[in-house]
Amino acid sequence: MKWAALWCCLPLVLLIQWPHWSVAQSACLNWAAWAALAASVSFLETIPRRTVKFPFFSLVVVALAIRYLSDVLPQLIYTDWTAAWGMVAAFGSGACWVAIVLFGTASIVRNSPSPGRWLAPVLFIFQIVSLLLIHLHEWGIYSFWRISDNPGGFLPTAHIYADISALSVPILFSWAWWAAIPAFFGILISKSMTAMIGLLAGAAWLSWRGWNENKRIVLSMVSFVAFSCVAFLIQTPFHMFVNLILLRVRTWVAAAMAIVRNPLGIGMDALAYSREVLEKTNLHVLPHSASDALNTLLYTGWIGFLILAYLVYRGLRDLGSDPKSVSLVITFVMCCFARVLGFPQVALVAWVVWMAWRIDDSQGSDHSSLSYGDLVEGVTKIESKEPLYA
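Residues numbered from 1 in each chain as written. Predicted model: local features only at pLDDT ≥ 70, side-chain atom pairs only at ≥ 80, totals over all residues. Heavy atoms only, no water.

Draft legend 1. Broad picture of the overall build of the protein. Counting secondary structure elements, the protein contains 15 helices and zero strands. Counting over 390 residues, the protein shows a buried share of 46%. In the protein, of all internal contacts separated by at least 6 residues, the share reaching a separation of at least 24 is 74%. For the protein, the accessible surface area stands at approximately 20400 Å², while carbon and sulfur atoms represent 69% of it. (Helix = DSSP H or I, 4+ residues; strand = E, 2+ residues; numbered from the N terminus. Buried < 20%, exposed > 50% of the residue type's maximum accessible area, 1.4 Å probe, protein only. Contact = heavy atoms within 4.5 Å. Areas by Shrake-Rupley, 256 points an atom, 1.4 Å probe, with all protein chains shown as cover.)

Rendered as structure tokens:
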């Protein structure tokens with residue numbers, strides 16, 4: 001009951017916005033608070049439900065430490081000591097956030113019942129309500145966001161909504177084929193090419209893992225992407241479509257040139273991208289690097305990128321053809337072509353999917369069927385040297 005109540009509070013992470021805080025900052029604060037609450041609930045468990053080790057968590061800590069240090073150190077060079085004190089405080093708050101979320105993650109995976117059984121119904125309800133809010137905004141009846149020109153229902157932008165819809169498709173399709181229709185429709189009206197590329201990657205992954213068992217969802221995803229591309233080209237002049245692609249390619253080229261000049265990273269202070277990319281290129285580029293993977297290499301250098309690449313390799317090696325694995329593959333591929341996990345809303349949903357996958361993957365070592373009485377009886381038999389399985 002306590003874990004059910006805790007999981008029911010998770011949607012509040014996306015809905016609560018604190019005064020004088022941005023949507024992203026509020027989501028990060030709520031995320032840490034929920035993870036801390038989950039860690040507190042885990043202390044009420046008599047014994048862990050499952051034995052799960054996290055050998056890669058040390059690498060995660062190192063990678064995130066590099067990320068925050070790269071944020072702080074360049075600003076210490078360009079600012080006076082008063083601003084430098086603020087940077088040190090920012091590093092400390094970021095380190096505390098990382099520690100809380102990692103501790104909450106380990107507590108949930110080891111002690112919480114699997115959220116996989118309710119993940120699809122919750123995502124389906126989210127899709128239906130978001131589509132309703134999107135159309136109410138377009139009709140001028142009601143707007144959930146007052147200052148967003150292109151909201152995604154509960155989410156501040158349609159791009160974020162499309163990313164969550166894309167990683168939701170395998171989970172919804174496995175629950176009921178018709179449940180994926182709202183997610184497909186949401187991607188279509190959002191016109192997100194990143195989401196379509198993610199779906200193609202998911203289809204390719206399923207085909208590689210087993211065509212005969214997955215051909216229904218593979219054909220559905222490929223057919224939807226083909227239809228969406230045709231509809232997008234009909235509504236958008238071809239030259240505008242080409243210009244959008246060239247703009248992103250030019251941005252990647254300019255970022256690559258900055259990486260060559262700064263192999264240890266440019267740092268993540270507010271002016272780093274402008275100073276090292278925008279001011280040192282003659283190309284017309286985006287105000288961001290348009291790729292989470294490229295961001296990691298650009299900001300943290302080759303050291304941080306290699307650590308991240310190793311973590312991704314470890315993760316992809318263990319994934320299968322189950323719906324949550326495909327959702328994680330879709331998320332990874334989208335991160336290569338756009339800013340995805342940079343939005344805390346998408347990162348939170350991907351985090352929940354990963355925890356559900358990790359819990360289900362470790363069910364072989366699940367101890368949830370053992371009661372405290374069974375444990376005491378086993379210990380008594382061992383102490384009395386009686387046969388344990390007599």
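Draft legend 2. Local environment of a nonpolar patch on the surface. On the surface, L12, L15, I16, W18, W21 and L29 cluster together into a nonpolar patch covering about 530 Å² of accessible area. Structurally, the position occupied by L12 is in helix α2 (residues 12-15). Classification of L12 as partly exposed rests on a relative accessible area of 42%. (Patch = residues over 30% accessible without salt bridge, like charges linked within 9 Å, V, L, I, M, F, W, Y side chains within 5 Å. Salt bridge = Lys/Arg side-chain N within 4 Å of Asp/Glu carboxyl O.)

Draft legend 3. Quick peek at the nonpolar core. Counting 71 residues, the largest nonpolar core has W7, W34, I108, I187, L199, M221 and W351 as its most contacted members. If we ignore the near neighbours within four places in the chain, the residues touching I108 are W3, W7, W34, A38, R50, W351, M355 and I359. Core analysis: the next-biggest nonpolar cluster, separate from the first, contains 13 residues, I259, A272, V277 and L298 among them. (Core = buried A, V, L, I, M, F, W, Y, C linked by side-chain atoms within 4.5 Å.)

Draft legend 4. Here's a closer look at the environment of A4. On the secondary structure map, A4 appears in helix α1 (residues 2-8). For A4, a relative accessible area of 41% gives the class partly exposed. Here the alpha-carbon distance between A4 and S112, two residues 108 residues apart in the chain, equals 9.1 Å.

Draft legend 5. Looking closely at the packing of aromatic side chains. Scanning the model with the defined rule gives 12 aromatic pairs in all. Each ring, one from W7 and one from W118, has its centre 5.3 Å from the other, and the planes form 55 degrees; the classification is tilted. Placement of W7 in helix α1 and of W118 in helix α6 (residues 116-138) is noted, with a sequence separation of 111 residues between them. Centroid distance W205 to W208: 5.3 Å. Interplanar angle 75 degrees. Geometry classified as edge-to-face. Taken together, the residues span about one helical turn, with W205 and W208 both in helix α9 (residues 193-235) at a distance of three residues. Judged by relative accessible area, which is 12%, W205 ranks as buried. Taken together through their ring pairs, the aromatic side chains of W7, W31, W34, W118 and W351 make up a single cluster. (Phe/Tyr/Trp six-rings, centres within 6.5 Å; stacked < 30°, edge-to-face > 60°.)

Draft legend 6. Broad picture of unusual backbone geometry. One non-glycine residue, K191, lies in the positive phi region at around 55 degrees. With respect to the secondary-structure elements, K191 resides in the loop between α8 (181-190) and α9.

Draft legend 7. How the structure looks around the packing of helix α7 (residues 158-175) against helix α14 (residues 344-361). With their axes 9 Å apart at the nearest point, α7 and α14 run at an angle of 15 degrees to one another. With respect to their mutual orientation, α7 and α14 come out roughly parallel. Judged by the twist between their axes, the crossing of α7 over α14 is left-handed. Note on element contacts: α14 touches α7 through Q345, V346, V349 and V353, opposite I160, D163, I164, L167 and I171. (Axes fitted to C-alpha atoms, helices over the stretch in contact; angles between N-to-C directions. Parallel < 35°, antiparallel > 145°, perpendicular 65-115°, else oblique. Left-handed = near helix turned anticlockwise from the far one by under 90°.)

Draft legend 8. Highlighting the pattern of salt bridges. One pass over the structure, following the stated rule, counts four salt bridges. Where E276 meets R275, a salt bridge forms, and the shortest distance between an N and an O atom there is 3.7 Å. Given the relative accessible area of 10%, E276 is considered buried. Linked through salt bridges whose partners overlap, the residues forming this network are R275, E276 and K280.

Draft legend 9. Representation of the packing of α9 against helix α13 (residues 323-337). Between α9 and α13, the least distance of the axes is 8 Å, while the angle of their chain directions is 150 degrees. One element, α9, and the other, α13, form an angle in the roughly antiparallel class. Between α9 and α13 lies a crossing whose hand is right-handed. Listed contacts from α13 to T194, A195, I197, G198, L199, A201, G202, W205, L206 and M221 of α9 are V326, V329, I330, V333, M334 and F337. For the contact of α9 with α13, the residue count by class is 13 nonpolar, three polar and no charged. (Nonpolar A, V, L, I, M, F, W, Y, C, P; charged D, E, K, R; others polar.)

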